[in-house]
Amino acid sequence: MNISLVIPLLNEQESLPELSKWIEKVMTSHNFSYEVLFIDDGSTDASWQTILDLQKDNSNIKGIKFLRNYGKSQALHAGFAKALGAVVITMDADLQDSPDEIPDLYDLVQNQGFDLISGWKKKRYDSVVFKNIPSKLFNWAARRISGVKLNDFNCGLKAYKNVVIKNIEVSGEMHRYIPVLAKNAGFAKIGEKVVIHQARKYGTSKFGIDRFVNGFLDLITIWFISKFGKRPMHFFGLLGSLMFFIGLVLALYMGIDKLFFHTTSRLITNRPEFYIALTTMIIGTQLFLAGFLGEIILRTKSNEERYKIAETL
């Protein structure tokens, strides 16, 4: 199979028929063998029934329905697990991503050797104040922290080699950072393509300004995990040992000073240095234990189910 399209959605019943016909037209004109995986992330409208109806006319359409809304990352995770195509392309269901981009994305991955191609919505039809400016700031910070030189981390239109999506773990709200996850997994050939961004035709956006706040927090998380996720003791243990050593040296200094040099001076417990040393040693011990517990959890954790599937098509 040439292409798997993974399309997460939430309450997009109006756009699905048009999107499905558009995809079918593009695939047929280029003689692609394909599948379309619609992931219904707990829609409360008739989105799932629409998918069922579309599948009757097009056997390439498949679907997964969640019991409730779990988030875009979980939807992508479920779709990636089922994808069979040599190239896996993700896109949004709101018609803001153009299926006409599919052939070029496929060519870049399949024929030009890229592991991952990320779309760049260079010209956007969104609110300048509430989306465009925050998006530029967010992308600047993401480039600086992650080291992945992309202009648009938030673009849902991306193409991957199948081996890439089978070897990364998309959890929490990490869907924005799949290129970073891929880089950390060892897939270095990551590219970018300017894609068409269309104004929303139906419904309203499911994302608010809070996604940028969450995005920055997730960025810090993924940076930390990429650095120390496999070896938490290297961070917490080192920092804890350093703080404990500083506190111990300060405590020894005060003890020696009291015993041999200023024997008649005030009690050690009356000196502020005593409480600084005590606090530093306690915090150091706690950090060391945090690293130790992290190592134990890392070695004993099991992959728990992160979402519940109500129905599979």
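Predicted model, so just to flag it, every value in this text is computed and none were measured.

### Some details on the overall build of the chain
Next, step 1: Scanning the chain from terminus to terminus reveals ten helices and eight strands.
Next, step 2: Burial analysis of the chain (313 residues in total) assigns 45% to the buried set.
Next, step 3: Sequence separation of at least 24 residues holds for 81% of the intrachain contacts in the chain that already meet a minimum separation of 6.
Next, step 4: Surface accessibility of the chain: about 16,400 Å² in total, with carbon and sulfur atoms responsible for 60%.

### Some details on the packing of aromatic side chains
Next, step 1: In this structure the tally under the stated criterion is six aromatic pairs.
Next, step 2: When the ring of Phe 66 is compared with that of Tyr 70, the centres are 5.5 Å apart and the planes differ by 85°; the resulting orientation is edge-to-face. Judged on exposure class, the residue Phe 66 and its partner Tyr 70 are both buried.
Next, step 3: Here the basic side chain of Lys 189 rests over the ring of Phe 114, its NZ or CZ set 5.1 Å away from the ring centre.

### Remarks on the pattern of salt bridges
Next, step 1: With the rule as written, the count across this model stands at eight salt bridges.
Next, step 2: In this structure, Lys 56 engages Asp 53 in a salt bridge whose closest nitrogen and oxygen atoms are separated by 3.8 Å. Of the two residues, Lys 56 and Asp 53 are both situated in helix 2 (residues 47–57); the distance of three residues between them amounts to about one turn of the helix.
Next, step 3: Residue Asp 115 pairs with Lys 161 through a salt bridge whose shortest N-O separation is 3.6 Å. Here the residue Asp 115 occupies a position in the loop between helix 4 (102–110) and strand 5 (116–120), and Lys 161 occupies one in strand 6 (residues 158–161), the gap between them amounting to 46 residues.
Next, step 4: Lys 161 sits in the partly exposed class, given a relative accessible area of 26%.

### Concerning the UniProt feature "transmembrane region" (unreviewed entry) in the chain
Next, step 1: Annotation from UniProt places "transmembrane region" (unreviewed entry) at residues 235–254 and 274–298.
Next, step 2: The span residues 235–254 carries 100% helix and 0% strand; its end-to-end C-alpha distance comes to 29 Å.

### Regarding the environment of Asn 151
Next, step 1: Among the secondary structure elements, Asn 151 is positioned in the loop between helix 5 (128–146) and strand 6.
Next, step 2: On the basis of relative accessibility, which here comes to 31%, the residue Asn 151 falls in the partly exposed class.
Next, step 3: Taking the C-alpha atoms as reference points, Asn 151 and Trp 140, eleven residues apart in sequence, are found 7.7 Å from one another.

### Comments concerning the packing of helix 1 (residues 16–29) against helix 2
Next, step 1: Closest axis-to-axis distance for the helix 1/helix 2 pair is 10 Å, and the angle between their directions is 35°. Viewed along their axes, helix 1 and helix 2 form a crossing whose handedness is right-handed. In contact with Leu 16, Pro 17 and Ser 20 of helix 1, helix 2 contributes Ser 47, Thr 50, Ile 51 and Leu 54.

### Some thoughts on the sheet that holds strand 4 (residues 87–90)
Next, step 1: Pairing is mixed across the open sheet formed by eight strands, whose spatial order is 7-5-6-4-1-2-3-8. At either end of the open sheet lies a strand with only one pairing partner, and these are strand 7 (190–194) and strand 8 (309–312). Going across the sheet, the axis of each strand differs from the next one's by a mean of 20°, ignoring polarity.
Next, step 2: Pairing between strand 1 (residues 3–9) and strand 4: four bridges, direction parallel.

### A closer look at helix 1
Next, step 1: For helix 1, which comprises 14 residues, the first-to-last C-alpha distance of 20 Å matches the rise-based estimate of 20 Å (1.5 Å per residue) to within 8%.
Next, step 2: Regarding helix 1, the residues found buried are Leu 16, Leu 19, Ser 20, Trp 22, Ile 23, Val 26 and Met 27. What you see down the axis of helix 1 is that its buried residues fit within an arc of 165°, all on one side. The exposed residues of helix 1 that point more than 90 degrees off its buried face are Lys 21, Lys 25 and Thr 28.
Next, step 3: Check the buried side of helix 1 and you find it contacts strand 1, strand 2 (34–40), helix 2, strand 3 (61–66) and helix 4.
Next, step 4: Trailing helix 1 by a residue or two, Asn 31 shows a phi angle of about 55°, which is positive.

### A short note on a nonpolar patch on the surface
Next, step 1: A contiguous nonpolar surface patch, about 750 Å² in accessible area, is contributed by Phe 244, Leu 248, Leu 252, Ile 256, Leu 259, Phe 260 and Phe 261.
Next, step 2: Looking at where Phe 261 falls in the secondary structure, it is placed in helix 9 (residues 232–261).
Next, step 3: Under the relative-accessibility criterion, Phe 261 is labelled exposed at 61%.

### A few points about the nonpolar core
Next, step 1: Residues Ile 3, Leu 5, Ile 7, Ile 23, Phe 38 and Ile 89 are the most contacted members of the largest nonpolar core, which totals 34 residues.
Next, step 2: Elements supplying a minimum of two residues to this core: strand 1, helix 1, strand 2, helix 2, strand 4 and helix 4.
Next, step 3: Ranked by the residues each element gives to this core, the list is headed by helix 1, at six residues.
Next, step 4: In terms of nonpolar packing, the next biggest core, distinct from the first, is built from 33 residues, Val 6, Ile 39, Val 170 and Phe 187 among them.

### Quick notes on helix 2
Next, step 1: Taken as a whole, helix 2 has its buried residues at Ser 47, Trp 48, Thr 50, Ile 51 and Leu 54. Buried residues of helix 2, viewed axially, fall in a sector of 155°; they line one side.
Next, step 2: Along its buried surface, helix 2 packs onto strand 1, helix 1, strand 2, strand 3 and strand 8.

Here is what the cut-offs are and how they apply
Residues numbered from 1 in each chain as written. Predicted model: local features only at pLDDT ≥ 70, side-chain atom pairs only at ≥ 80, totals over all residues. Heavy atoms only, no water. Helix = DSSP H or I, 4+ residues; strand = E, 2+ residues; numbered from the N terminus. Buried < 20%, exposed > 50% of the residue type's maximum accessible area, 1.4 Å probe, protein only. Contact = heavy atoms within 4.5 Å. Areas by Shrake-Rupley, 256 points an atom, 1.4 Å probe, with all protein chains shown as cover. Phe/Tyr/Trp six-rings, centres within 6.5 Å; stacked < 30°, edge-to-face > 60°. Lys NZ or Arg CZ within 6 Å of the ring centre and 35° of its normal. Salt bridge = Lys/Arg side-chain N within 4 Å of Asp/Glu carboxyl O. UniProt positions renumbered as here; feature names shortened; annotations may be inferred. Axes fitted to C-alpha atoms, helices over the stretch in contact; angles between N-to-C directions. Left-handed = near helix turned anticlockwise from the far one by under 90°. Pairing = 2+ DSSP bridges. Expected span 1.5 Å × (residues − 1). Arc of directions from axis to C-beta. Patch = residues over 30% accessible without salt bridge, like charges linked within 9 Å, V, L, I, M, F, W, Y side chains within 5 Å. Core = buried A, V, L, I, M, F, W, Y, C linked by side-chain atoms within 4.5 Å.

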